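Chains, contacts and geometry: an overview
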Amino acid sequence: MRKLVHTLFVIFVMTGFDAGTSLAQTIIAEDDAGNYTVGTFTNGANAGMGFDAWVMWNYPASLGDSTEGGGGDINSTNDLSFRFMTSGVDTEWVNARRDFNALQVGDTLSFTFTYNWDG
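These numbers were taken from a predicted model, which means no experiment stands behind them. (Residues numbered from 1 in each chain as written. Predicted model: local features only at pLDDT ≥ 70, side-chain atom pairs only at ≥ 80, totals over all residues. Heavy atoms only, no water.)

Looking only at helices and strands, the protein features zero helices and seven strands. When the helices and strands of the protein are read in sequence order from the N terminus, they spell out β-β-β-β-β-β-β. Relative to its 119 residues, the protein shows a buried fraction of 31%. Per element, the accessible surface of the protein, about 7,200 Å² overall, is 55% carbon and sulfur. (Helix = DSSP H or I, 4+ residues; strand = E, 2+ residues; numbered from the N terminus. Buried < 20%, exposed > 50% of the residue type's maximum accessible area, 1.4 Å probe, protein only. Areas by Shrake-Rupley, 256 points an atom, 1.4 Å probe, with all protein chains shown as cover.)

Per the stated rule, a full pass over the model turns up seven aromatic pairs. Judged by centre distance (5.8 Å) and plane angle (85 degrees), the ring pair of phenylalanine 51 and phenylalanine 100 falls under edge-to-face. With a gap of 49 residues between them, phenylalanine 51 in the loop between strand E2 (25-31) and strand E3 (55-58) and phenylalanine 100 in the loop between strand E6 (94-97) and strand E7 (108-118) connect regions that are remote in the sequence. Residue classification places phenylalanine 51 among the buried residues on the basis of a relative accessible area of 7%. An aromatic cluster of at least three residues, connected via ring pairs, comprises Tyr36, Phe41, Trp54, Phe82 and Phe84. (Phe/Tyr/Trp six-rings, centres within 6.5 Å; stacked < 30°, edge-to-face > 60°.)

With that settled, the discussion passes to the side chain of aspartate 31. Mapped onto the secondary structure, aspartate 31 falls in strand E2. At 3.1 Å, the side chain of aspartate 31 forms a polar contact with the side chain of asparagine 35. A polar contact of 2.4 Å, which involves the side chain of aspartate 31, links it to the side chain of arginine 98. (Polar contact = N/O pair within 3.5 Å; in protein donor to acceptor, adjacent residues only side chain to side chain.)

Moving on: the environment of asparagine 95. Residue placement: asparagine 95 occurs in strand E6. Asparagine 95 gets classed as partly exposed once you look at its relative accessible area, which sits at 22%. Spatially, the C-alpha atoms of asparagine 95 and asparagine 58 are 6.4 Å apart, while their sequence positions differ by 37 residues. Sequence-distant contacts of asparagine 95, defined by excluding residues within four places in its chain, comprise Val55, Met56, Trp57, Asn58 and Tyr59. (Contact = heavy atoms within 4.5 Å.)

What follows is about unusual backbone geometry. In the Ramachandran plot, asparagine 58 falls in the positive-phi region, its phi being about 65 degrees despite a non-glycine side chain. Residue placement: asparagine 58 occurs in strand E3. Taking the relative accessible area as the measure of exposure, asparagine 58 reaches 56% and is therefore exposed. We note that aspartate 79 has phi near 60 degrees; this positive angle belongs to a residue other than glycine. Here aspartate 79 shows up in the loop between strand E4 (62-64) and strand E5 (81-83).

This paragraph deals with the confidence of the model for the protein. It should be kept in mind that the predicted coordinates are not to be read in detail where pLDDT is low. When the pLDDT values of the protein are averaged, the result is 77; 76% of them are 70 or greater. For the protein, strand E1 (residues 5-17) is the element with the lowest average pLDDT, namely 49, and E3 is the one with the highest, namely 91. Per-residue pLDDT stays below 50 along residues 1-9; that stretch engages in 48 contacts with residues further than four places along the chain or on separate chains. (pLDDT = per-residue confidence, 0-100.)

Right, let's talk about the pattern of salt bridges for a bit. Here the structure, examined in full by the defined rule, presents three salt bridges. Glutamate 68 is paired through a salt bridge with arginine 83; the nearest N and O atoms lie 3.9 Å apart. In this pair, glutamate 68 is assigned in the loop between E4 and E5 and arginine 83 in strand E5, connecting sequence segments 15 residues apart. Between aspartate 99 and arginine 97 there is a salt bridge, with its nearest N and O atoms 3.2 Å apart. (Salt bridge = Lys/Arg side-chain N within 4 Å of Asp/Glu carboxyl O.)

Given below as structure tokens:
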């Protein structure tokens, strides 16, 4: 039986445009793995700004090196990224959620991720 390991590394940023200027961007929510340590990135953590706390269930999310397994380097200043990965058992799922206020017309939600699949 093949072992499947899915890894998703993510950086979250939301921006809105200031109505007073045509090109000015204002960051309205942001989080970065550099805000956490391995021990502080847990369910209920909230070291970012503009988002509600992390809600995680089933298999826990963690921090890890995004370059492991040949992924792109999106590591933060602590050389880690958010990692959503199981141990490879088919019945395990990583679930994580960050709530935020509704986006307005012209707002942008962006994130950077790298995906590794060992299967």
